[in-house]
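Coordinates in review
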Amino acid sequence: MKTILITGGAGFIGSNFVHHWRKHHPEDRIINLDALTYAGNPENLTGIEEGANYRFVHGDICDNELIPKLFEEEKIDTVVHFAAESHVDRSISGPEAFIKTNVHGTFNLLEAARNTWANDSGCRFLHVSTDEVYGSLEADDPAFTETTPFAPNSPYSASKAASDHLVRAYFHTYGLPVLTTNCSNNYGPYQFPEKLIPLVFINALEGKPLPVYGDGKQIRDWLHVADHCRGIDAVLQNSHPGETWNIGGCNEWTNIDIVRLICRHLDELRPADRPREELITHVTDRPGHDRRYAIDAGKIMRELGWKPEYTFETGIQQTLAWYLENQTWWERVRDGEYRKFIRQQYEELAI
Ligand SMILES: NC(=O)c1ccc[n+]([C@@H]2O[C@H](COP(=O)([O-])OP(=O)(O)OC[C@H]3O[C@@H](n4cnc5c(N)ncnc54)[C@H](O)[C@@H]3O)[C@@H](O)[C@H]2O)c1
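Okay, so let's go over this structure. (Residues numbered from 1 in each chain as written. Predicted model: local features only at pLDDT ≥ 70, side-chain atom pairs only at ≥ 80, totals over all residues. Heavy atoms only, no water.)

A few words now on unusual backbone geometry. In this structure, L36 is a non-glycine residue whose phi angle is positive, near 50 degrees. For L36, the location among the structural elements is in the loop between β2 (29-34) and β3 (54-58). What makes L36 partly exposed here is its relative accessible area of 27%. Despite not being glycine, K75 has its phi angle at roughly 50 degrees, a positive value. By secondary structure assignment, the location of K75 is in the loop between α2 (66-74) and β4 (78-81). (Helix = DSSP H or I, 4+ residues; strand = E, 2+ residues; numbered from the N terminus. Buried < 20%, exposed > 50% of the residue type's maximum accessible area, 1.4 Å probe, protein only.)

Here the focus is the side chain of T254. Mapping T254 onto the fold places it in strand β11 (residues 252-254). Of note is the side chain of T254, whose polar atom sits 3.1 Å from the side chain of D257. Setting aside its immediate chain neighbours within four residues, T254 contacts G216, K217, Q218 and I219. (Polar contact = N/O pair within 3.5 Å; in protein donor to acceptor, adjacent residues only side chain to side chain. Contact = heavy atoms within 4.5 Å.)

Okay, the site of the ligand next. Close contacts around the ligand come from 28 residues, with I13, D34, S86, Y156 and K160 the closest. Here T101 contributes a side-chain N or O atom positioned 3.0 Å from a nitrogen atom of the ligand. When residues in the shell around the ligand are grouped by element, the largest group, three residues, is from strand β5 (residues 124-130). Classifying every residue of the shell around the ligand gives 13 nonpolar, twelve polar and three charged. (Near = heavy atom within 4 Å. Nonpolar A, V, L, I, M, F, W, Y, C, P; charged D, E, K, R; others polar.)

Core analysis: the largest hydrophobic core is formed by 70 residues, its most contacted members being F17, V80 and F201. Per-element accounting of this core gives the leading share, seven residues, to helix α8 (residues 255-269). Other than its neighbours up to four places away in sequence, F17 contacts I4, I6, V80, F82, C229, I232 and D233. Grouped together as the second largest cluster of nonpolar side chains are 23 residues, L66, V79, A83 and V178 included. (Core = buried A, V, L, I, M, F, W, Y, C linked by side-chain atoms within 4.5 Å.)

On the basis of which strands lie adjacent, the open sheet formed by seven strands has the order β3-β2-β1-β4-β5-β6-β10 and parallel pairing. Two strands in the sheet have a free side with no partner beyond their single neighbour: β3 and β10 (244-247). The mean angle between the axes of side-by-side strands here comes to 15 degrees, regardless of whether they run parallel or antiparallel. Here six bridges tie β5 to strand β6 (residues 178-183), and the two strands are oriented parallel to one another. What sits directly across from F125, in β6, is V178. Sitting on the sheet, helix α1 (residues 12-24) touches β1 (3-7), β2, β3 and β4, and the angle it makes with β1 is about 160 degrees. (Pairing = 2+ DSSP bridges. Axes fitted to C-alpha atoms, helices over the stretch in contact; angles between N-to-C directions.)

What follows covers the sheet that holds strand β7 (residues 185-187). One open sheet accounts for three strands, arranged β7-β9-β11; its pairing is mixed. Strand pairing shows two members of the sheet lacking a second neighbour, β7 and β11, which therefore form its edges. Recorded for the sheet is a direction-independent mean angle of 50 degrees between the axes of neighbouring strands. Sheet analysis places β7 next to strand β9 (residues 219-224), joined by three bridges and oriented parallel. What sits directly across from Y187, in β9, is H224. Against the sheet, helix α7 (residues 225-238) contacts β7 and β9, and its axis sits at roughly 75 degrees relative to β9.

Written out as structure tokens, the structure is:
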């Protein structure tokens, strides 16, 4: 039995992981630590009850009194670290919070683990990171492998790269039993509606403009969040400490094609007066926008037998159905902070 500290477990991927872990490892005790920033939502955790094997702690990973206390008090033996400032656009308008949480917060967690865990105790610290640390690819470049040099281009990816380096250093310097996963773009239930797929879906449903950065030809590799959670689980159970693992869907799409796909599905599910593709509106591109990311997930497939269970077709259908069934969830989320962000970001559309 493990006592697992999940940081950022009220966010998009973290909350999906809490549901995953509760379902597949019901005997383990989960401590979910989340600061509940604009991106954290306790309603993502509906059905997860406080009790002997679940505790929610409202707190900041940068808090250097709370974190060591939590490690001691709860006898944490496993960390799955999701907590982060995660939105590239927000990192461009306000980078400081990214350095604080992503770099300093990760450092604080590593220190607590180093000061609490004895060597060879079977403990694990799994750091969840992104493919964005590797930078941008040209159309014909091979996909990122675990040995691709880091070349981050935004304050977000630079802060994640810094945290990945710290995690690596704690393995080499102190022998801390760390693992790192670098994953491609996720989609699925509970994704905050400022991200591409939920944003386009909700605007299309409501007949509002569908903002597409620049020419929309930026390429991303998409993975269903449930497959990401299964990948993290596989790494946690089977990897030697010190390893890094790329997780990706082998599923490259341009942004504009994704927007068109969502429009087509929605036209079938909820017919409108005119095709929703007509709502597509190109807006000024994000500064330094990376052109292409692609993950080579060969290592995790070969060595741990992981592969995605969702195709993009089935995953998108499941996700759109979830957003249609959970309208109250996203209507409540998009009040407040979200609406302010959308107004600033897409001023030119006057949404
Ligand atoms: N979303 C993706 O496509 C993607 C892809 C690859 C990797 N990742 C990584 O996965 C992780 C989770 O991403 P996400 O999309 O779920 O992010 P998210 O923004 O939806 O969730 C982040 C969570 O962390 C919490 N948090 C933020 N600052 C905190 C702090 N100082 N202390 C405690 N909690 C804090 C927030 O309240 C929120 O619940 C991140 O580390 C991100 O870099 C995301």
